[in-house]
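Chain by chain, the residues:
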Number of protein chains: 2
Amino acid sequence: MNDKDTRTRILDVAQDLIQRLGVNAMSYQHISDAVGIRKASIHHHFPAKEDLVQALVERYNGFFLEVVDGILASEADAPTKLARYIGLFEATLSESQGDKVCLCAMLGAELTTLGSASAASVRRFFAENEDRLIVILEQGRQEGSIRFAGDPRHIARMIVSLLEGAMLVSRTTGGLPYLVSVRDGLLDLLVH
Amino acid sequence: MNDKDTRTRILDVAQDLIQRLGVNAMSYQHISDAVGIRKASIHHHFPAKEDLVQALVERYNGFFLEVVDGILASEADAPTKLARYIGLFEATLSESQGDKVCLCAMLGAELTTLGSASAASVRRFFAENEDRLIVILEQGRQEGSIRFAGDPRHIARMIVSLLEGAMLVSRTTGGLPYLVSVRDGLLDLLVH
DNA sequence: GTCTATAGCGCGATAGAC
DNA sequence: GTCTATCGCGCTATAGAC
């Protein structure tokens, strides 16, 4: 872990803190304590807090969407791809014993306190996920494995909202089992 | 508006600020500016910030659940009740031109920075909504107006998560129209 | 690239007069 | 119940030595 460069270690720690506490409760002092360098050194890498947040969302978008594209490119049927996609959110909740939410769910909540560049990146995260879910849904409709009547975009938006919301609610109520029951509710309606 | 007592005006302003900015970006100074009294006077009504937040969630729970109980008690069929229920969330987004989210969505995001009493009240908000949605879903299943296969609790949790999440995502992308498309996605799957 | 030191501000909270 | 005044702290950010 300590063989990563300092910039990466700062980003890792900052992301963890934001996912647990939110942007406005996270501070350079917290990062300083966790990484083991002084506050001023963090400012060398990220002059202003907004620079740090912006770099963080961009990195997160890149990582996350790359994994999603891997799921899209696989040979599986649509319900399997959807289950794997949902698994990404389950993994976030599991890795933290239930007190981390999706970075963009947190930033979406605190959106009005963000700089405009960061806000735009959060917006892009949701839009890109929506587009990829539409691909899965259309595959499912074509192969007859997923059933819905109307616009796939509506269903895709529903799924994005559902997963982001489920992470927030899960953290108050039951952790991972709650998210699993939300997943089961969705699959109940979508795959039958 | 100014004929309300000071305590109520403080709560009104604080709720508006939290729904827009979050708990950790809202301050006694902001409230002071908006209400027109000094910071020290706010501390007279709510000695600590946690007291204010706790009173706010309790009041919100009372107001919100009373309205929901009114919907449950009406004579309408289940899809109509569900549409009215979703309308409560649409109203929040509309009244603020799209930059206010459900109080408990915001507090759910910042949950780990809340006092334990406030956190418990947020938890109760989600649980009470879940219970009431189950009543609507069972009515719909019985009258044949709503179709789902499995546990109504799963569907209810899905709907709670979906609405809380949709408010966050709507704020980044398109405001009310986004929330409407999420609603249409849900009804597409549930009522057919 | 990391450090010490510090500026300058806003925060929650309290004391005590009126 | 509201005020003035203030305390002590943590915050973001900067200057300048090493």
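Structure: above.
Residues numbered from 1 in each chain as written. Chains lettered and ligands numbered in written order. Predicted model: local features only at pLDDT ≥ 70, side-chain atom pairs only at ≥ 80, totals over all residues. Heavy atoms only, no water.

Engineer: It is not clear to me how the overall build of chain A should be interpreted in this structure. Could you clarify?
Structural biologist: Along chain A, the regular secondary structure elements total nine helices and zero strands. Counting helices and strands in the order they occur from the N terminus, chain A gives α-α-α-α-α-α-α-α-α. What you see for chain A is a C-alpha radius of gyration of 18 Å, in line with the 16 Å of a compact globule of 192 residues. With 192 residues in all, chain A has 56% of them scored as buried. For chain A, the proportion of contacts with a sequence separation of at least 24, taken over those separated by at least 6, is 67%. Surface summary for chain A: the accessible area is close to 7600 Å², and the carbon and sulfur share equals 52%. Of note, chain A has its 20 positive side-chain charges centred 4 Å away from the centre of its 25 negative side-chain charges. (Helix = DSSP H or I, 4+ residues; strand = E, 2+ residues; numbered from the N terminus. Rg over C-alpha atoms; globule rule 2.2 N^0.38 Å. Buried < 20%, exposed > 50% of the residue type's maximum accessible area, 1.4 Å probe, protein only. Contact = heavy atoms within 4.5 Å. Areas by Shrake-Rupley, 256 points an atom, 1.4 Å probe, with all protein chains shown as cover. Lys, Arg positive; Asp, Glu negative; His and termini not counted. Charge placed at Lys NZ, Arg CZ, Asp CG, Glu CD.)

Engineer: How should unusual backbone geometry be read in this particular structure?
Structural biologist: Excluding glycine, a negative phi dihedral is what most residues carry, and trans is how most peptide bonds are arranged. Backbone geometry at A:Gln97 places phi at a positive 50 degrees, although glycine is not the residue there. Counting through the fold element by element, A:Gln97 comes out in the loop between α5 (78-95) and α6 (103-109).

Engineer: For this particular structure, what's the right way to read the protein's contact with DNA strand D?
Structural biologist: The full set close to DNA strand D counts 18 residues, and A:Lys39, A:Lys49, B:Thr6, B:Arg38 and B:His45 are the nearest of them. Taking the atoms of DNA strand D that fall within 4 Å of the protein, sugar and phosphate contribute 60% of them. A distance of 3.4 Å separates a base oxygen of DNA strand D from a polar atom in the side chain of A:Lys39. A distance of 2.7 Å separates a phosphate oxygen of DNA strand D from a polar atom in the side chain of B:His45. (Near = heavy atom within 4 Å. Polar contact = N/O pair within 3.5 Å; in protein donor to acceptor, adjacent residues only side chain to side chain.)

Engineer: So what exactly am I meant to see when it comes to the side chain of A:Lys81 here?
Structural biologist: Residue and element names in this part refer to chain A. As for its placement among the helices and strands, Lys 81 is situated in helix α5. At 7.1 Å, Glu 143 is the nearest oppositely charged side chain to Lys 81, a buried residue that forms no salt bridge. At a separation of 3.0 Å, a polar atom in the side chain of Lys 81 contacts the main-chain carbonyl oxygen of Leu 72. When sequence neighbours within four positions are dropped, the list of residues in contact with Lys 81 reads Ile 71, Leu 72, Ser 74, Ala 76, Ile 136 and Gln 139. (Salt bridge = Lys/Arg side-chain N within 4 Å of Asp/Glu carboxyl O.)

Engineer: Explanation requested: the packing of aromatic side chains in the structure shown.
Structural biologist: Note on aromatic pairs: each is described by the distance of the centres and the angle between the planes. All chains considered together, the criterion is met by 14 aromatic pairs over all chains. An aromatic cluster is built from A:Tyr60, A:Phe64, A:Tyr85, A:Phe89, A:Phe125 and A:Phe126, whose rings are joined through pairwise contacts. (Phe/Tyr/Trp six-rings, centres within 6.5 Å; stacked < 30°, edge-to-face > 60°.)

Engineer: Is there a simple way to think about helix α8 (residues 152-172) of chain A in this case?
Structural biologist: Residues three or four positions apart in an α-helix share a direction because the helix packs 3.6 residues into each turn. Residues and elements named next belong to chain A. An ideal rise of 1.5 Å per residue puts 30 Å on 21 residues; α8 measures up with 31 Å between its terminal C-alpha atoms. Taking the largest bend as the criterion, α8 deviates by roughly 25 degrees, centred on Ala 166. Across the 21 residues of α8, 19 count as buried, placing the element largely inside the fold. Just downstream of α8 lies Gly 174, where phi reads positive at about 85 degrees. (Expected span 1.5 Å × (residues − 1). Bend = angle between axes of the 7 residues up to and from the residue.)

Engineer: What exactly am I supposed to notice about the packing of helix α5 (residues 78-95) of chain B against helix α9 (residues 176-190) of chain B here?
Structural biologist: To describe two helices that pack against each other, one gives the angle between their axes and the distance between the axes. All names here are of chain B. Where α5 meets α9, the closest approach of the two axes is 10 Å, and the angle between their N-to-C directions is 165 degrees. The angle between α5 and α9 falls in the class roughly antiparallel. The element α5 and its partner α9 pack so that their crossing is right-handed. Seen from α5, the contacting residues are Leu 82, Ile 86, Phe 89, Glu 90, Leu 93 and Ser 94; seen from α9, they are Leu 176, Leu 179, Val 180, Arg 183, Leu 186, Leu 187 and Leu 190. Residue composition of the contact of α5 with α9, grouped by class: ten nonpolar, one polar and two charged. (Axes fitted to C-alpha atoms, helices over the stretch in contact; angles between N-to-C directions. Parallel < 35°, antiparallel > 145°, perpendicular 65-115°, else oblique. Left-handed = near helix turned anticlockwise from the far one by under 90°. Nonpolar A, V, L, I, M, F, W, Y, C, P; charged D, E, K, R; others polar.)

Engineer: Looking at this structure, how should I read the relation of the copies chain B and chain A?
Structural biologist: A rotation about some axis, followed by a shift along it, carries one copy of the chain onto the other. Superposition of chain B onto chain A requires a rotation of 180 degrees combined with a translation of 0.0 Å along the rotation axis, giving an RMSD of 0.0 Å. Put plainly, the chains are arranged around a two-fold axis. Counting the interface residues of chain B, we find that 100% of their copies in chain A are interface residues as well, pointing to one common contact surface. (Least-squares fit on C-alpha atoms with pLDDT ≥ 70 in both.)

Engineer: Would you mind going over the nonpolar core with me for this structure?
Structural biologist: When a protein is soluble and globular, its nonpolar side chains tend to lie buried together. Among the nonpolar cores identified, the biggest contains 132 residues, and A:Ile31, A:Ile159, B:Ile31 and B:Ile159 are the most heavily contacted of them. If sequence neighbours within four positions are ignored, A:Ile31 has contacts with A:Ile10, A:Val13, A:Ala14, A:Leu17, A:Met26, A:Gly36, A:Ile42 and A:Leu52. (Core = buried A, V, L, I, M, F, W, Y, C linked by side-chain atoms within 4.5 Å.)

Engineer: Would you take a moment to explain the interface of chain B and chain A for this structure?
Structural biologist: Often the size quoted for an interface is simply the accessible area lost on bringing the parts together. Contacts between the two partners involve 46 residues from chain B, matched on the other side by 46 residues from chain A. Counting each side, the surface lost to burial between chain B and chain A is near 3800 Å², with a carbon and sulfur contribution of 66%. Considering only the side of chain B, the residues that lose the most area to chain A are B:Met158, B:Thr172 and B:Leu189, jointly responsible for 16% of the buried surface there. Summed over the shared surface of chain B and chain A, the number is zero salt bridges. (Buried area = accessible area lost by both parts, 1.4 Å probe.)

Engineer: Can you help me understand the protein's contact with DNA strand C in this one?
Structural biologist: Around DNA strand C, the surrounding shell holds 18 residues, and the nearest of these are A:Arg38, A:Ser41, A:His45, B:His43 and B:Lys49. Backbone sugar and phosphate groups make up 65% of those atoms of DNA strand C lying within 4 Å of the protein. A:Thr6 has a polar side-chain atom sitting 2.9 Å from a phosphate oxygen of DNA strand C. Contacts to DNA strand C include A:Arg38, whose backbone N or O atom sits 2.7 Å from a phosphate oxygen. Only α3 (39-45) of chain A together with α2 (28-35) and α3 (39-45) of chain B provide two or more residues apiece to the surface near DNA strand C.

Engineer: Would you mind going over the environment of B:Arg9 with me for this structure?
Structural biologist: Its place among the elements puts B:Arg9 in helix α1 (residues 6-21). Judged by its relative accessible area of 16%, B:Arg9 is buried.

These figures capture arrangement, not role.
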